[in-house]
Protein chains: 2
Amino acid sequence: TKGFVTYPSTSQHKKRSFLVRAETVNPEIRKSEEKVVDSVVVTELSKNITPYCRCWRSGTFPMCDGSHVKHNKATGDNVGPLLLKKQ
Amino acid sequence: TKGFVTYPSTSQHKKRSFLVRAETVNPEIRKSEEKVVDSVVVTELSKNITPYCRCWRSGTFPMCDGSHVKHNKATGDNVGPLLLKKQ
Ligand code: FES
Ligand code: FES
């Protein structure tokens, strides 16, 4: 069944498995787009360092707004941004 | 319980909920690092377009190797790379 994975039951008394949706990385951003691709023309970067989001939780996507901190805390994940540096 | 979310049971016959790990974006890459941050010095880019991974499934992370296609197909997700362009 495409897009689903089986997990073992957590019950000690019954052996059963169940279906949950396989993990999507992006729960909310631009879901009407078939594939979310963004472009950065690097000569147009204004700041010396610009962080770009890789956690898909930013309110300023495709830029990083620090939301990866909350995501990591809530899930135990370890994701962070891609830093674009002019030098 | 931090890092866990409840899902309703899929069983029609019993009303039960169970715990699974809240969704991490990154299941495998550099999990020994507290936060995976990468830097690109944009003046050192060699190609006109360089795609950087945002799906956390690339075999050449932090670069994109096209693995987002398989991830999207398997999960119904819609993630894609960040394209760094020299002009
Ligand atoms: S907000 Fe997504 S990586 Fe920082
Ligand atoms: S392989 Fe991850 S975005 Fe392409």
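Residues numbered from 1 in each chain as written. Chains lettered and ligands numbered in written order. Predicted model: local features only at pLDDT ≥ 70, side-chain atom pairs only at ≥ 80, totals over all residues. Heavy atoms only, no water.

### Thoughts on helix α1 (residues 68–75) of chain A
Residue and element names in this part refer to chain A. Those residues of α1 not exposed but buried are H68, H71, N72 and T75. Relative to the axis of α1, the buried residues are bounded by an arc of 95° and lie together on one face. Along α1, exposed side chains directed more than 90 degrees from the buried face belong to K70 and K73. (Buried < 20%, exposed > 50% of the residue type's maximum accessible area, 1.4 Å probe, protein only. Helix = DSSP H or I, 4+ residues; strand = E, 2+ residues; numbered from the N terminus. Arc of directions from axis to C-beta.)

### Focus: the interface of chain A and chain B
Counting residues at the interface gives 57 residues for chain A and 55 residues for chain B. Joining chain A to chain B, the criterion identifies 4 salt bridges. When the shortest N-O distance is used, the salt bridge between D77 of chain B and K31 of chain A registers 2.9 Å. For the interface between chain A and chain B, the tally reads 37 residue pairs in polar contact (both at pLDDT 80 or more). (Contact = heavy atoms within 4.5 Å. Salt bridge = Lys/Arg side-chain N within 4 Å of Asp/Glu carboxyl O. Polar contact = N/O pair within 3.5 Å; in protein donor to acceptor, adjacent residues only side chain to side chain.)

### Remarks on the pairing of strand β5 (residues 79–85) of chain A
For β5 of chain A, the tally of buried residues reaches 6 of 7 residues, placing the bulk of the element in the interior. Pairing geometry for strand β4 (residues 49–52) of chain A and β5 of chain A, over 4 bridges, is antiparallel. Paired with I49 of chain A across the bridge in β5 of chain A is K85 of chain A. Alignment of β5 of chain A against strand β3 (residues 36–41) of chain B, held across 5 bridges, turns out to be parallel. Each bridged residue has a counterpart across the sheet, and for V79 of chain A the counterpart in β3 of chain B is V36 of chain B. (Pairing = 2+ DSSP bridges.)

### Some thoughts on the environment of S46 of chain A
Along the chain, S46 of chain A falls in the loop between β3 (36–41) and β4. Each C-alpha atom of the pair S46 of chain A and K86 of chain A lies 8.7 Å from the other, and the pair is 40 residues apart in sequence.

### Thoughts on the nonpolar core
Core analysis: the largest hydrophobic core is formed by 18 residues, its most contacted members being W56 and F61 of chain A together with W56 and F61 of chain B. The residues contacting W56 of chain A, other than those within four sequence positions of it, are V25, N26, P27, I29, V36 and F61 of chain A together with R54, V79 and G80 of chain B. In this structure, V40 and L45 of chain A together with V40 and Y52 of chain B belong to the second largest nonpolar core, which totals 12 residues. (Core = buried A, V, L, I, M, F, W, Y, C linked by side-chain atoms within 4.5 Å.)

### Considering the relation of the copies chain A and chain B
Relating one copy of the chain to the other takes a rotation about an axis and a shift parallel to that axis. Mapping chain A onto chain B calls for a screw motion: a turn of 180° about the axis and a shift of 0.0 Å along it, with 0.0 Å RMSD after fitting. When the rotation and shift are considered jointly, the pair of chain copies conforms to a two-fold rotation axis. Interface residue correspondence from chain A to chain B reaches 96%, placing this contact among same-surface, isologous pairings. (Least-squares fit on C-alpha atoms with pLDDT ≥ 70 in both.)

### Some remarks on the pattern of salt bridges
Close approach of charged atoms lets side chains of opposite charge pair. Inspection of the entire model under this criterion finds 8 salt bridges over all chains. Through salt bridges that share partners, R30, E33 and D38 of chain A together with R54 of chain B make up one connected network.

### Observations concerning unusual backbone geometry
Residue and element names in this part refer to chain A. Residues F61 and P62 are joined by a peptide bond in cis, for which omega reads 10°. Positionally, P62 belongs in the loop between β4 and α1. A positive phi angle, close to 45°, is found at R30, a residue other than glycine. Assignment of secondary structure puts R30 in the loop between β2 (17–21) and β3.

### Some thoughts on the sheet that holds β4 of chain A
Taken in spatial order, the 3 strands make up an open sheet running β4(A)-β5(A)-β3(B), and their pairing is mixed. The open sheet terminates on both sides in strands that have one partner only, identified here as β4 of chain A together with β3 of chain B. Recorded for the sheet is a direction-independent mean angle of 25° between the axes of neighbouring strands. (Axes fitted to C-alpha atoms, helices over the stretch in contact; angles between N-to-C directions.)

### Looking at the side chain of T24 of chain A
Note on placement: T24 of chain A falls in the loop between β2 and β3. When sequence neighbours within four positions are dropped, the list of residues in contact with T24 of chain A reads E23, H71, T75 and D77 of chain B.

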